[in-house]
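For reference, the chains in residue letters:
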Amino acid sequence: MRVITTIKEMQIEILKKKAEYKSVGFVPTMGFLHEGHLTLINKARQENDVVVLSIFVNPLQFGPSEDFTTYPRDFERDRALAESEKVDYLFYPAVKEMYPHALSNTVIVQERTDVLCGRSRPGHFDGVATVLTKLFNIVMPTRAYFGKKDAQQVAVVDGLVKDFNFPIQIIPVDIVREEDGLAKSSRNVNLLPEERLQAAVLYRSLKAAEAAILEGERSPAKIKNSIHQTIAAESNAFVDYIEILSYPELKTLEELNGTIIIALAVKFTNVRLIDNLILEL
Ligand code: PAF
């Protein structure tokens, strides 16, 4: 595995591989790798000749009151994990390399941002779309892998690639969960011990909602209410949102049918967690 820190070197290496008609699988991350990331890397490894992993905590996608400085980082651990997962190139640029000066152009996401995390994180998806536009031009992947845990991100990236005609296939990958159902996340380390136990209620409440829907419940309001009550009864978490929308359009539904997403975000003492279920009705 080679660690590359400059954009120029990364592009030269990839262009060499492309000249040999090699397919390139790309896993963009902000590091502090967990099993969810390793699943993405594994899938990229199976489906491509060359695998590139990027680690870059992107300041552009953090709001002024968000956790950019406290976002967990451990490069040596990540490097060892990437090596053992047979990554070919680990792209690890500094902020100065990616943003040497204030950008004169940024990507603004026009749709799907006024719901879910977009509503409480203004500008977040613009930052994601901007850094991914740069990363796609640097890594030039054949396929790029994203976890479905951030289902809104998958929907936004899908729109980005279609709108700007990036010749890249976006591969959404299922959520990886802990034994008690908590979705794996780099941020889980910031849960207090009792909160870590309580956090399993998120998936439990989503599964209970799924069961109610499968038994015929079709009222989004009733389902959201029962998820809220379960979370309030079994944890100290503050519910940021619980939403049921069409997927991937992310439009509000009066009645449930088609492909839907039940998504939620809650705040614990030092961390905000998200989770979702996508259902075909
Ligand atoms: O999902 C993430 O970790 C980030 O949003 C991404 C896609 C790496 C862009 O910075």
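The preceding data block contains the structure.
Quantities reported herein were computed from a predicted structural model and do not represent experimental measurements.

1. A closer look at the environment of Ala221
Part 1 of the argument: Secondary-structure assignment places Ala221 in helix α10 (residues 220-234).
Part 2 of the argument: You can call Ala221 exposed: its relative accessible area is 54%.
Part 3 of the argument: As for Ala221 and Ile4, which are separated by 217 residues in sequence, their C-alpha atoms are 49 Å apart.

2. Re helix α2 (residues 35-47)
Part 1 of the argument: With 13 residues, α2 extends 18 Å from end C-alpha to end C-alpha; this agrees with the ideal 18 Å at 1.5 Å per step.
Part 2 of the argument: Taken residue by residue, α2 has Gly36, His37, Leu38, Leu40, Ile41 and Ala44 as its buried positions.
Part 3 of the argument: In the core, the buried residues of α2 are packed alongside β2 (24-29), β3 (50-55), α3 (75-84), β5 (143-147) and β6 (169-173).

3. Remarks on the sheet that holds strand β1 (residues 2-4)
Part 1 of the argument: Judged by pairing direction, the sheet is parallel, and its 6 strands sit side by side in the order β1-β4-β3-β2-β5-β6 without closing on themselves. Strands at the two margins of the open sheet, each flanked by one partner only, are β1 and β6. In this sheet, neighbouring strand axes are inclined to one another by 25° on average, regardless of whether the strands run parallel or antiparallel.
Part 2 of the argument: As paired elements, β2 and β3 share 6 bridges and run parallel to each other. Within the sheet, the bridge partner assigned to Val24 lies in β3 and is Val50.
Part 3 of the argument: Where α3 meets the sheet, it contacts β1, β3 and β4 (89-91), and its direction lies at approximately 155° from that of β4.

4. Let's talk about the site of the ligand
Part 1 of the argument: Within the structure, the ligand sits among Pro28, Thr29, Met30, Gln61, Val128, Val131, Phe146 and Gln153.
Part 2 of the argument: At 2.6 Å, a side-chain N or O of Gln61 approaches an oxygen atom of the ligand.
Part 3 of the argument: Gln153 places a side-chain nitrogen or oxygen 2.7 Å from an oxygen atom of the ligand.
Part 4 of the argument: Starting from 290 Å² of accessible surface for the ligand in isolation, the protein chains cover 86%.
Part 5 of the argument: Sorting the residues of the shell around the ligand by element identifies β2 and α6 (124-139) as the ones contributing at least two each.
Part 6 of the argument: Partitioning the shell around the ligand into residue classes produces 5 nonpolar, 3 polar and no charged.

Thresholds applied
Residues numbered from 1 in each chain as written. Predicted model: local features only at pLDDT ≥ 70, side-chain atom pairs only at ≥ 80, totals over all residues. Heavy atoms only, no water. Helix = DSSP H or I, 4+ residues; strand = E, 2+ residues; numbered from the N terminus. Buried < 20%, exposed > 50% of the residue type's maximum accessible area, 1.4 Å probe, protein only. Expected span 1.5 Å × (residues − 1). Contact = heavy atoms within 4.5 Å. Pairing = 2+ DSSP bridges. Axes fitted to C-alpha atoms, helices over the stretch in contact; angles between N-to-C directions. Near = heavy atom within 4 Å. Polar contact = N/O pair within 3.5 Å; in protein donor to acceptor, adjacent residues only side chain to side chain. Areas by Shrake-Rupley, 256 points an atom, 1.4 Å probe, with all protein chains shown as cover. Nonpolar A, V, L, I, M, F, W, Y, C, P; charged D, E, K, R; others polar.

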